[in-house]
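The chain contents come next:
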Amino acid sequence: MADFEIPAAVSNQILGMAGKLSNQNLLRIVGLLERFASIDWHHRGIAAIKRMIEEDHQGIEAVRRIVQRANPQARSALVNAFFLGAILLGYKRRYAFWQRHQVAPPGTLMISPTVRCNLRCYGCYAAHHEPRQELTRQEVEGVVREATAAGTNFIMFMGGEPFVVPWLLDVIAAFPKTAFLIYTNGLLIDDAKVRRLAELGNAAVAIGIDGLEAETDRRKGPGAFRGAVAVMKRLSDAGVITGFSTMVSRRNYDEIYSDAFIDTMIEHGAGFGWMAVALPQGRACEEPDLIPTPEQKAGIKARIQRLRQRKPILLVDFYNDAEITEGCGAASLTMHVNVNGDVEPCVLMPFAVDNIREKPFTEILCSDFFKGLRRIRESHPPGEQTCMWVYCPREVRDVVHRSGARPTSRGVMEKLDELADAQDG
């Protein structure tokens with residue numbers, strides 16, 4: 001296991017240069033990280049970063065903004081828990097697990113400890129998960145412990161509203177070498193939580209915002225926008241790595257990709273943005289007008305590229321970045337443990353066979369359901385992939401039926417049938 005440990009000398013060298021991120025220092029940092037690259041994907045990514053540095057790409061300016069605003073604890077976690085622990089050395093741990101079990105754990109594990117929420121957002125993807133139970137602190141710590149032992153070192157908390165759970169930050173504190181991301185509406189984050197997050201350092205926060213004030217308040221409720229951007233600014237000022245998350249719908253499409261929206265996020269301290277496209281699940285099953293039109297979906301890639309070239313913020317495009325990740329990540333790069341303990345291939349694909357209350361996490365990874373979805377990913381060129389719901393719903397339906405997977409959110413089986421039948425037609 002010594003090969004998987006993060007050398008203190010390397011970490012200290014990188015952190016020593018973090019205060020002055022000239023292009024020369026950035027290239028030195030990338031060179032230090034490159035020592036731990038072990039697969040072609042790592043080397044191609046590092047080569048791309050070097051080109052971006054040499055071209056003064058806005059993505060590099062975004063990295064500077066994030067690092068310079070981050071406090072020492074957050075900078076240390078960004079280097080040790082995320083870049084080294086989750087991506088570079090994390091891959092080696094996951095490969096070692098694969099050698100023992102012939103299946104690789106996901107790089108990212110999503111966990112929804114609750115679906116309770118202080119808001120009732122129009123179109124919420126989680127609205128139709130049955131809140132019969134919540135995950136206990138012991139269950140969450142148990143699955144995080146199993147996952148990190150297997151090599152998964154990036155944990156996302158979502159919901160519901162994660163901060164409804166009183167022990168959320170205690171769990172994060174229990175795993176100081178693990179990188180966390182919390183999706184939240186932000187309205188339950190008080191000054192005490194801001195201080196605690198700043199002290200911990202290993203949790204970034206993505207604040208849910210769905211446009212400028214009128215659009216966000218229309219979807220989430222009066223005052224939601226002003227409350228969210230105020231919390232974002234307080235977190236960023238405290239040195240917590242902070243960004244936004246949004247659901248791109250037919251209604252807010254133009255606004256989300258506008259200069260006015262992105263500039264507002266940057267102004268309030270956002271260093272990154274997670275941009276997910278509304279899919280047919282949750283309340284979107286009953287409100288299909290939320291789902292972007294085919295013409296809108298076709299235009300997303302160009303709009304994202306335009307913003308990436310011009311704005312100092314890291315934007316993640318869930319719809320098109322499968323090309324970067326070499327395919328849809330459901331059941332391979334990601335998995336989701338929902339409020340009832342069901343393990344789904346992705347938070348946006350609510351089907352499950354197994355439950356963490358019935359099987360160890362390592363056994364669940366080997367299910368026929370997940371194996372079938374991984375075969376779909378492997379059978380399509382990465383450049384042709386978006387979300388499996390979109391590009392091959394018939395194949396997904398076949399795997400669901402063959403494996404006996406059950407829907408975990410009302411209406412999704414009917415929607416999958418509708419999409420698969422349309423593909424057949």
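Residues numbered from 1 in each chain as written. Predicted model: local features only at pLDDT ≥ 70, side-chain atom pairs only at ≥ 80, totals over all residues. Heavy atoms only, no water.

- An unreviewed UniProt entry annotates the protein as Radical SAM protein originating from Dissulfurirhabdus thermomarina.

Thoughts on the overall build of the protein
Move 1: From N to C terminus, the protein includes 18 helices and 11 strands.
Move 2: Taken over the C-alpha trace, the protein has a radius of gyration of 20 Å; the compact-globule value for 425 residues is 22 Å, and the two agree within 12%.
Move 3: Its C-alpha atoms put the protein at 55 × 55 × 40 Å along the principal axes.
Move 4: Across the 425 residues in the protein, those meeting the buried criterion constitute 57%.
Move 5: Considering only intrachain contacts with a sequence separation of at least 6, the fraction spanning at least 24 residues in the protein is 72%.
Move 6: Taken as a whole, the protein presents about 17,500 Å² of accessible surface, with 53% of it coming from carbon and sulfur.
Move 7: A distance of 4 Å separates the average location of the 51 positive side-chain charges in the protein from that of its 51 negative side-chain charges. (Helix = DSSP H or I, 4+ residues; strand = E, 2+ residues; numbered from the N terminus. Rg over C-alpha atoms; globule rule 2.2 N^0.38 Å. Buried < 20%, exposed > 50% of the residue type's maximum accessible area, 1.4 Å probe, protein only. Contact = heavy atoms within 4.5 Å. Areas by Shrake-Rupley, 256 points an atom, 1.4 Å probe, with all protein chains shown as cover. Lys, Arg positive; Asp, Glu negative; His and termini not counted. Charge placed at Lys NZ, Arg CZ, Asp CG, Glu CD.)

Re helix α1 (residues 8-17)
Move 1: Residues of α1 that are buried include every one of Val10, Ser11, Ile14 and Met17, and no others. Buried residues of α1, seen end-on, are gathered within an arc of 135° and therefore sit on one face of the element. Residues of α1 that are exposed and point more than 90 degrees away from the buried face comprise Ala8, Ala9, Asn12 and Gly16.
Move 2: Packing partners of the buried residues in α1 comprise α2 (23-34) and α5 (72-101). (Arc of directions from axis to C-beta.)

Considerations on the pairing of strand β6 (residues 272-277)
Regular strands show a simple pattern: their side chains alternate between the two faces of the sheet.
Move 1: Within β6, six of the six residues are buried, which leaves it mostly tucked inside the rest of the structure.
Move 2: Where strand β5 (residues 242-248) and β6 come together, six bridges link them in parallel fashion. Bridged to phenylalanine 244 within β6 is glycine 273. (Pairing = 2+ DSSP bridges.)

Brief notes about empty space enclosed by the protein
Move 1: In this structure the tally under the stated criterion is two cavities of 30 Å³ or more.
Move 2: The space that makes up the largest cavity amounts to roughly 70 Å³.
Move 3: Looking at the largest cavity, the residues that line it are Arg65, Ile66, Arg69, Ala70, Ser236, Val240, Ile241, Thr242, Gly269, Ala270 and Gly271.
Move 4: Per element, the largest residue contribution to the lining of the largest cavity is three residues, and it comes from helix α4 (residues 58-69). (1 Å grid on protein atoms, 1.4 Å probe; cavity = no way out; pocket = protein on both sides within 12 Å on 5 of 7 lines; lining within 4 Å. Points joined across faces, edges and corners; volume = space filled by probe spheres on them.)

Notes on the pattern of salt bridges
Side chains carrying opposite charge are able to pair once their charged atoms draw close together.
Move 1: Enumeration according to the criterion identifies 27 salt bridges in this entry.
Move 2: Between arginine 310 and aspartate 259 there is a salt bridge whose closest N-O contact spans 2.8 Å. One end of the pair, arginine 310, is in helix α13 (residues 294-310); the other, aspartate 259, is in helix α12 (residues 259-267), and 51 residues separate them in sequence.
Move 3: Assessed through its relative accessible area of 25%, aspartate 259 is described here as partly exposed.
Move 4: Between lysine 311 and aspartate 259 there is a salt bridge; the shortest N-O distance is 4.0 Å. Here lysine 311, found in the loop between α13 and β7 (314-317), pairs with aspartate 259, found in helix α12; they are 52 residues apart in sequence, far enough to count as distant.
Move 5: Members of the salt-bridge network, linked through shared partners, are Asp259, Asp263, Arg306, Arg310 and Lys311. (Salt bridge = Lys/Arg side-chain N within 4 Å of Asp/Glu carboxyl O.)

Some points on the domain arrangement of the protein
Move 1: Under the domain assignment used here, the protein contains domain 1 (8-97) and domain 2 (99-424).
Move 2: Put simply, the middle of domain 1 and the middle of domain 2, counted by C-alpha atoms, are 24 Å apart.
Move 3: Taken together, the 27 residues of domain 1 in the interface contact 42 residues of domain 2.
Move 4: Where domain 1 packs against domain 2, one counts one salt bridge.
Move 5: One salt bridge connects arginine 69 with aspartate 237, and the closest N-O pair in it is separated by 3.0 Å.
Move 6: Linking domain 1 with domain 2 are 16 residue pairs in polar contact (both at pLDDT 80 or more).
Move 7: Counting residues per element, the ones that place at least two in the side of domain 1 that touches domain 2 are α3 (40-54), α4 and α5.
Move 8: Take the side of domain 1 that touches domain 2: its biggest share by element is 14 residues, from α5.
Move 9: Across the side of domain 1 that touches domain 2, the residue classes break down as 14 nonpolar, seven polar and six charged. (Domains from an automatic or database assignment. Polar contact = N/O pair within 3.5 Å; in protein donor to acceptor, adjacent residues only side chain to side chain. Nonpolar A, V, L, I, M, F, W, Y, C, P; charged D, E, K, R; others polar.)

Examining unusual backbone geometry
Move 1: Residue glycine 160 follows glycine 159 across a cis peptide bond; omega there is 10°.
Move 2: Turning to its location among the elements, glycine 160 is positioned in the loop between β2 (154-157) and α7 (168-174).
Move 3: Although it is not a glycine, aspartate 56 sits at a positive phi angle of roughly 55°.
Move 4: Within the element layout of this structure, aspartate 56 appears in the loop between α3 and α4.
Move 5: On the basis of relative accessibility, which here comes to 51%, the residue aspartate 56 falls in the exposed class.
Move 6: In this model, glutamine 102 sits at a positive phi of 60°, which is unusual for a non-glycine residue.
Move 7: As for its position among the elements, glutamine 102 is in the loop between α5 and β1 (108-111).
Move 8: Classification of glutamine 102 by relative accessible area gives exposed; the value is 54%.

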